[in-house]
Structures are given as C-alpha cells and as structure tokens.
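Now for the letters of each chain:
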Amino acid sequence: AVISSILFSGSAEEIVIPRKKTWYGIAVLQALASTVNRDPTASHYVFQDDSYLTPRTSAEFKLYSLAQESGRTAAKYFINTYPKYFQKDFANPHIPCLMPETLELQVNEVSEAALIERIQLRKVKAAVDMYDQLLQAGTPVSLDLTNDLLDLISLYGDCDPARGDAPDKSLKPNRENNNAERIFNMMPERNRRSYGALIRGMVKHGAYSKAFNTYTDLLNNRLTGDVHIFNALISAAPEVREKYVEKWDLIVDLLKQMAEQKVKPTLLTFNAVLKALRRCGSLGRTQAFPVINEMKALGIAPSLATYDHVLGIFYKAATSAQGHTEILQDVLSEISGKSFTAQDPDDVEFFKDAMRICLATKDIEQAYRVHSLLGVGENWKLLGDSYYQSIYYGRFFNLLCMMEHIDVVLKWYKELIPSLYYPNSQGMRDLLQALDTDNRLDLIPQIWKDIKRMGHDNKTELVEEMLSLMARENQIPEVQQSFADCALDVKALYTQTDRRVPLSWSAGSLSSITSILLAAERTQQAWEMLKLFKLANRVPSESLMNQFLESVKASNNAQQAVELVQISASFCLSITPNLMERVQQEFDLTEEQRNTLSDLESSTAMSD
Amino acid sequence: MAASLRHSTLFTTVCRQLNSTLWLNVGGRSIHSSAVCCKNRAARIRVGKGDRPVTYEQALHPHQIAHRKGWLSQHTSNLQGEDGAADRTVEDLFIRRLIYGTFHGCLADELVIKRRGNLLVICALMLQKLPPHKYYFLVGYTEELLSHFYKCPVKMEIQMLEEKSVYKYL
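Residues numbered from 1 in each chain as written. Chains lettered and ligands numbered in written order. Predicted model: local features only at pLDDT ≥ 70, side-chain atom pairs only at ≥ 80, totals over all residues. Heavy atoms only, no water.

### Some words on the overall build of chain A
Argument step 1. The helix and strand inventory of chain A stands at 29 helices and 0 strands.
Argument step 2. Projected onto its principal axes, the C-alpha positions of chain A cover 115 × 70 × 65 Å.
Argument step 3. Across the 608 residues in chain A, those meeting the buried criterion constitute 43%.
Argument step 4. Look at the contacts in chain A between residues 6 or more apart in sequence, and 66% of them connect residues 24 or more apart.
Argument step 5. In the form shown here, chain A has an accessible surface area of approximately 32900 Å², with 53% of it arising from carbon and sulfur atoms. (Helix = DSSP H or I, 4+ residues; strand = E, 2+ residues; numbered from the N terminus. Buried < 20%, exposed > 50% of the residue type's maximum accessible area, 1.4 Å probe, protein only. Contact = heavy atoms within 4.5 Å. Areas by Shrake-Rupley, 256 points an atom, 1.4 Å probe, with all protein chains shown as cover.)

Written out as structure tokens, the structure is:
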C-alpha cells in the first residue's frame, strides 16, 4: 500500500527506510485475507504462468486459447484414429471420458441397429439414407425410432453438424426440413412427439407459418400438444402477426389452448411469452407484470432471462430514462443476494444488458449492484463467453470513467485490467478523459506504458489525444521531464521503420511533441523536431513559434533567433514580420545577422 | 635376443624344479590380476577442455542428490510398503522421450515430473524459440494425449528462459 501510494502521488518523495518496523496486530490476517479473492495480477487460469506466455491484448488472448484448443483437437484426432494404443484401462474406477471414442460407423448392414448408431453419432444424412433403405427393404421402423430420427433432422436442420465450430447459421428456406416433412408424411402413424419434432424444427429454422399449420394438423388429428410445442409456437407468434394487439391476442389464445389441453407451463413458457412481449411495444409494458405475477402464483421461480426480458420491455434502445429507472432498481432489489443457475439460453444476456441500461442512464449505484450480483454464488458462470465479458466490462469501465473520481477509477483499473478485460482504444481514451477531468495528467506516462503493452500504440487518435493533453499546459519540473521522455518515446514510434508501418505525422502531433520538449527545456531535441516539420510537409503553428522565441530568449542565443526567423519565413507564416521585429529589438545582433534579417524582410515584403 | 630368452626360460624352469620359493621369480615377470573395478560413469560429464557449457543439473554428479541436487521424478512408490515403482519409472521415461520429441530443441533442461494423487504434473524449462501460440498448441496436444494414454489428468507447467542457464564450462 505504501509503494502504490508513492507511485500515484506523482512526486518523487524520498523513500525512507525506517530503522524498525512495528506491525499491526492483525497484519498476518490482512496478508492472508489478500490471498482469498481473485488475484488481479494473474492472467486467466487456462494460460501458463509465465510472462512470455501471458497474453497482453485481447487478440493474443483469443489466439492462445484457440491454439490450446486446437492442440487438444489434434490429440483427439490421433486418439480416435488409432484407438488400439489407448485401450489399456489403468483407471479404477473407470473414467469413460479418457477412452477413445468411436466416431466411425461400425454397423453397415441395413438394419435398425445401424439407424440407431447413426442417430447417436449425429450423422444426419447417413441416418436419412439408412431410413430410406430400411423402408425400401420393407422393414418396418418403430415409431420411437422414427421420432428420434425426426428429432435429429429438426435439430440440425437437415444438414450434418459442422465439426467443432458454430453451425452454419444461414437458413436455406427452400430446402428446410424437406426430409423431415417427407418422412413425416410417409409415417403410417404419428403421435404427438412426431408433430412436436416437426413444429419445433420449423420454428427453429424460420418456417413460422408452416409451424402453425402443422399445429392445426395436430389438432385436427385429435391429438393434444405438449409444453415444448407450445413454447415453440409462442416464440413464433410475433413473426406471424403484424400488429402488436394481434400478436398478443395470438399468444393469449395459445395460452388458453394450453390450459384446455391441460399442459402445464414451465419457466421456458413464461420466458417465451416475455420475449414475445418485447416485440409488442407499449402492450408489453402493461402485460409484463401480470405475466410475472401468474408465474409466481404457479410457483415457478424466475431465471435471469426473465429479468432480462423485463428490462428489455421497459428500457427500449431509443428512449433513455423516461421515468422507468425504478424498474432496474426494483429488479436488482429482488435478485440481490440470489444465486442463479443456467436454465434458459438467454440467461447470459442479463448482465451485459443491465450494464447497458446503467450506462445509458448514467447510474453508477445500480452498476455497482449489478457487479456485486456477479460475485454471488454461481452467477459468474452466467456472464457468458469472452466476447460477452468484454462487452460487460467495457461498459462498466466506461461508466466508471465518466462518473467516478480518478482514485476510484484507478483502483478499478488495477482490479479489472488486464486480468479480466483488455480495453480497446476507446476505453483508453475514456481513461485519459477521466485523468483530465480530475487533473491527474501526471499519470499519463504510466498509462502510455500500458497503452504500448496492450498494442494500442498504432491508433493515431489515441496517441494524438494523449500528446495534446500533455502539451496543453506547463507542469511542475519533474512531471515535465517525465512528459518529455514519454514524448520522445512516442516520437520513436513515428520514426521507426523496422517491422511495422509507422504512424504518419500530423501537424497536431508534431506541435505537441515539440512544445512538450520546449517546456522541459530540451531545446536541442526541439530544434530537431522543427526539421521534421519540413520533412513531413506540415506547418508549425504560430503559438509554437512564439514558444520557441521565448525559449531562445531565455538562452539568449542570437544565432538561433535568426535561424528561427528564417525557418518561419520558409514556411511563409504570417507571423514572420512580427518575429523579425521582436528579434531585432530584443537581441544583440551582429552585423551579419542584421543583414540576413533585412534580406529576409525584403524578400517577404516582395512576396506579399 | 632369441638365444638369451631361451636361456632365461631354461634358467627359470631349472629354478622351479629346484623347488625353492626364494628362487621362483628371480629374473622373470608374470601377470598379477584381480577382479575388475570400473570407474563410475553414470550421469557424469567428465572434465574436458573447458569449452563445453554445462547446466547445474548436468554438472553435479548423482552422489550429490539430496546434498546439492534434488530429484527429477517425484512419486511415492519408493516408500516402504508402496508398489508400482517400476511402472512409474517406465512412465517417466516414456514421458521424457515424448516431450523431448514434441518440443524438439526447445527444452532448456531435464523435465521434473511430479505426481500428486492422481494428477501428473510435468514441469519443464523451455527456451523462447517458438512464438507463444505454438507452445500453447503443443501443450494442449501433450496434455490431452498423455491424459488419454495414462488415464489420469496430466498438467504441464512451463517456464521460459531466454537461453540455457550455464553453470560452468567443463
């Protein structure tokens, strides 16, 4: 704690080592307590604990974790291709997940066993072919097995699941479920499960009206639906009607039929209703609470997806806080201290959506409550994958930079970055803004080190903004020197030609660096910068010229003053006559220098 | 020369026939032999010209284990009443060869293999020869392969060095 306060105090105090140190009585307990929670200096647990192997940017994070996964996949390929070397079973009790898997088809003759095998191995096309062969051979296929086949086809949308990666999301509207429908039509008898497979597949792959037609078929055949069918239909309802009222009426109708057919609703049913209400405009706001009360009356505990849908109903993207801020507070009060498990695929949306609302309403208190909810029980599992995490932490950090004092911001900065979150260049600009607001610009050189480490040193806007913040005012001498070192470091980035494309100079960046160097009294390097102006075809500003003149006057170097006027003339700056006058008046010039100046005067007068 | 030899052998045979112990070896030499005692060469690098860099592990001889060296392989099967020592040794050898080949040219020093309960931990010192994502690929591959091979969880812990740490030159 002592060292960090020295680092952030911005002044170089003498570090005094005391002769004798007395510890607090509870010092040991404090030290032990600091090991209990998450270690903010460590990288993610999947990575090796070595500085060469720790990812420093989000791109590296993704690359290393994917590289490790692909190594595992390569090993699994060898294990499954040559299973005879991995058959010896040492483990007692037997560990099934460490045995080689058979991914190849064993049974090849036309039989029900072969169909079962293909369904288990998720080989959709092979299963459909086997079924067709069975029918051609005249073998009857049992109803359960046919239902399994229909489930398989509906789930994977009639094409084989892609190996490993996320499945191909493009819907093929003309091909969808053709096999499923064909097999369905060929079936001698169909039960509710068959209809269910077809309806759910249609809803999943976008054939909403067909799904409703199939449901009508189901009813015409004097069968009743089950909870999965109704859930699918409710989620499809907003797609088949245009007006809000009609959508809601359809949903109410479905719910009534559900009650008639004595199908008990589950959590997923209510979540589907609320999700559909998100698309019903203002009707959603009036109907949301009755739905939740119904849910509670039936004794179904809401999941995070329920609350996410409620927030989605009341906080639309276009409207900012219009008297609805109580909803978020109410929701958070209700769920504070509770641990949730994953029950609905939409559970992972809650945290990032809640943080989005906090950011839009600029409510830091609620943001802290959301963040503390993350620490309860198993809720951290519902934060989602690394992409969702980066969105959540990005919004949280953005809000912190806007609303909180710089000390608090820096505390969170150390806590979150880089162990949980790699900020993008916008996040770093927010941090610079926060530093500016609280007048802690002396911390910029340290932030620059972090920017370089995170690989954002090739973002021109970020670098230029940082430079202009440093150049804006004069600082106390130590800070000015640290700024000058930082500025020289940045200059090296612009001029290096090895490895990567260097940044291109702009008038702003050149002027900023030059004025920082001048303020730190590094006149030699500042003069070198002036030459760079010419090379980069940029024009120095008048204030910069004046600043130069001030520094030259301080060193009382007449030759440099004359050079300055010459440079100003070469850029055809309007301030040249003014400079010339001042130089002639304020410096003791030799005869030669006076002649040079008068030549210049005449040449500029002629060019005007 | 040949004549003198014949004379000397004649002389020794005459002396032997005289059956006097004092006269047995006068003027002749015979070979004295005993049981062979070879120099110990196990895990030792002999002192040479002074241009061969050698790590701490290689420089210290095996009799220094438990004095100045630790163990490269840690398991409990060498304790009283425990069995499976031979199996563990064979496993260790297999693992060392597998890793030597998988991370070819990257190992800075011998592996240290620790067994904690069911878990097999392979601690390796590596050189910074490959970019980090290649190391992660190989680590994932080795862990998965060895887990399935030995039916127990296998973890690798790697530390990176810039170059091999030389203890002395022999």
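### Brief notes about the overall build of chain B
Argument step 1. Counting secondary structure elements, chain B contains 4 helices and 6 strands.
Argument step 2. Along its sequence from the N terminus, chain B presents helices and strands in the succession α-β-α-β-α-β-β-α-β-β.
Argument step 3. Looking at chain B residue by residue over its 170 residues, the buried ones come to 32%.
Argument step 4. Summing over all exposed atoms, chain B offers an accessible surface of approximately 11800 Å²; the carbon and sulfur share of this is 55%.

### Re a nonpolar patch on the surface
Residues and elements named next belong to chain A.
Argument step 1. Taken together, the side chains of Y24, I26, V28, L29 and L32 define a hydrophobic patch exposed on the protein surface, amounting to about 590 Å² of accessible area.
Argument step 2. Its place among the elements puts I26 in the loop between α1 (2-9) and α2 (27-33).
Argument step 3. Look at I26 and you get partly exposed, because its relative accessible area is 48%. (Patch = residues over 30% accessible without salt bridge, like charges linked within 9 Å, V, L, I, M, F, W, Y side chains within 5 Å. Salt bridge = Lys/Arg side-chain N within 4 Å of Asp/Glu carboxyl O.)

### With respect to the environment of A:L250
All names here are of chain A.
Argument step 1. Topologically, L250 is positioned in helix α11 (residues 244-260).
Argument step 2. For the pair L250 and P238, spaced 12 residues apart in sequence, the C-alpha separation works out to 8.6 Å.
Argument step 3. When neighbours within four sequence positions are excluded, L250 is seen to be in contact with F212, A237, V240 and R241.

### Description of the interface of chain A and chain B
Argument step 1. With 28 residues of chain A in contact, the opposing surface of chain B contributes 25 residues.
Argument step 2. Taking both sides of the interface into account, the surface hidden between chain A and chain B amounts to around 2400 Å²; carbon and sulfur atoms contribute 67%.
Argument step 3. For the salt bridge of B:E143 with A:R72, the shortest nitrogen-to-oxygen distance reads 3.4 Å.
Argument step 4. Linking chain A with chain B are 11 residue pairs in polar contact (both at pLDDT 80 or more), by the criterion used here. (Buried area = accessible area lost by both parts, 1.4 Å probe. Polar contact = N/O pair within 3.5 Å; in protein donor to acceptor, adjacent residues only side chain to side chain.)

### Quick notes on the pairing of strand β4 (residues 119-127) of chain B
Residues and elements named next belong to chain B.
Argument step 1. Among the 9 residues of β4, 7 are classified as buried, and the element is accordingly described as predominantly covered.
Argument step 2. Relative to β4, strand β3 (residues 112-116) is paired through 5 bridges, and the arrangement is antiparallel. Looking across to β4, one finds that R115 is bridged to L120.
Argument step 3. Linkage of β3 to β4, two consecutive antiparallel strands, is achieved through a turn of 2 residues, within which G117 is found at a positive phi near 65°.
Argument step 4. Across 8 bridges, β4 lies against strand β5 (residues 154-161) in parallel orientation. Bridge assignment links I122 to a residue of β5, and that residue is M156. (Pairing = 2+ DSSP bridges.)

### Quick notes on the pattern of salt bridges
Argument step 1. Going through the model one piece at a time under the given rule, you end up with 31 salt bridges over all chains.
Argument step 2. Ionic pairing is found between A:R279 and A:E239, a salt bridge with its closest N-O pair at 2.9 Å. Of the two residues, A:R279 is situated in the loop between α12 (267-277) and α13 (282-297) and A:E239 in helix α10 (residues 227-240); the sequence distance between them amounts to 40 residues.
Argument step 3. With its nearest N and O atoms 3.0 Å apart, the salt bridge here joins A:D346 to A:K275. Of this pair, A:D346 sits in the loop between α15 (325-335) and α16 (349-361) while A:K275 sits in helix α12; the two residues are 71 residues apart in sequence, bridging distant segments of the chain.
Argument step 4. Taken together, the shared-partner salt bridges connect A:E69, A:R72, A:K76, B:E143 and B:E144 into one network.

### Here we look at the side chain of B:R44
All names here are of chain B.
Argument step 1. Residue position: R44 is located in the loop between α1 (2-17) and β1 (53-54).
Argument step 2. Despite its burial, R44 remains without a salt bridge, the nearest opposite charge being carried by E57 at 12 Å.
Argument step 3. At 2.9 Å, the side chain of R44 forms a polar contact with the backbone oxygen of A42.
Argument step 4. Side-chain polar atoms of R44 contact the side chain of H63, separated by 3.4 Å. (Lys, Arg positive; Asp, Glu negative; His and termini not counted.)

### What to know about the packing of helix α26 (residues 542-555) of chain A against helix α28 (residues 576-586) of chain A
Two quantities define a packed helix pair, namely the angle between the helix axes and the distance between the axes.
All names here are of chain A.
Argument step 1. Running from N to C, α26 and α28 point in directions that differ by 10°, and their axes come no closer than 12 Å. With respect to each other, α26 and α28 are oriented roughly parallel. Together, M545, N546, L549, E550 and K553 of α26 and L579, R582, V583 and E586 of α28 make up the contact between the two elements.
Argument step 2. Here the residues of the contact of α26 with α28 are counted per class, giving 4 nonpolar, 1 polar and 4 charged. (Axes fitted to C-alpha atoms, helices over the stretch in contact; angles between N-to-C directions. Parallel < 35°, antiparallel > 145°, perpendicular 65-115°, else oblique. Nonpolar A, V, L, I, M, F, W, Y, C, P; charged D, E, K, R; others polar.)

### A closer look at a negative patch on the surface
All names here are of chain A.
Argument step 1. Among the surface-exposed residues, E242, E246, D249, D253 and E260 lie close enough to one another that they form a single negatively charged patch.
Argument step 2. Mapping E260 onto the fold places it in helix α11.
Argument step 3. Residue classification places E260 among the exposed residues on the basis of a relative accessible area of 61%. (Charge placed at Lys NZ, Arg CZ, Asp CG, Glu CD.)

### As for the UniProt feature "repeat: PPR" (unreviewed entry) in chain A
Argument step 1. The positions that UniProt labels "repeat: PPR" (unreviewed entry) are, in the present scheme, residues 266-302 of chain A.
Argument step 2. Annotated as residues 266-302 of chain A, this span is 73% helix and 0% strand, and its ends, taken at the C-alpha atoms, are 10 Å apart. (UniProt positions renumbered as here; feature names shortened; annotations may be inferred.)

### Points about the packing of aromatic side chains
All names here are of chain A.
Argument step 1. Counted under the stated rule, the structure contains 30 aromatic pairs over all chains.
Argument step 2. With a centroid separation of 6.0 Å and 25° between ring planes, the pair formed by Y368 and W412 is classed as stacked. Taken together, the residues Y368 in helix α17 (residues 364-374) and W412 in helix α19 (residues 406-416) connect sequence positions 44 residues apart.
Argument step 3. We classify W412 as buried; its relative accessible area is 13%.
Argument step 4. Look at F396 and W412: their rings are 5.1 Å apart centre to centre, the planes differ by 80°, and that puts the pair in the edge-to-face class. Remark: W412 occurs in helix α19 and F396 occurs in helix α18 (residues 386-403); sequence separation between them is 16 residues.
Argument step 5. One aromatic cluster is present, built from ring pairs that chain together F350, F351, Y368, Y392, Y393, F396 and W412.
Argument step 6. For the cation-ring pair, K352 lies above Y388, with the distance from its terminal atom to the ring centre recorded as 4.9 Å.
Argument step 7. Residue placement shows K411 over the ring face of W412; its charged tip is 4.9 Å from the ring centre. (Phe/Tyr/Trp six-rings, centres within 6.5 Å; stacked < 30°, edge-to-face > 60°. Lys NZ or Arg CZ within 6 Å of the ring centre and 35° of its normal.)

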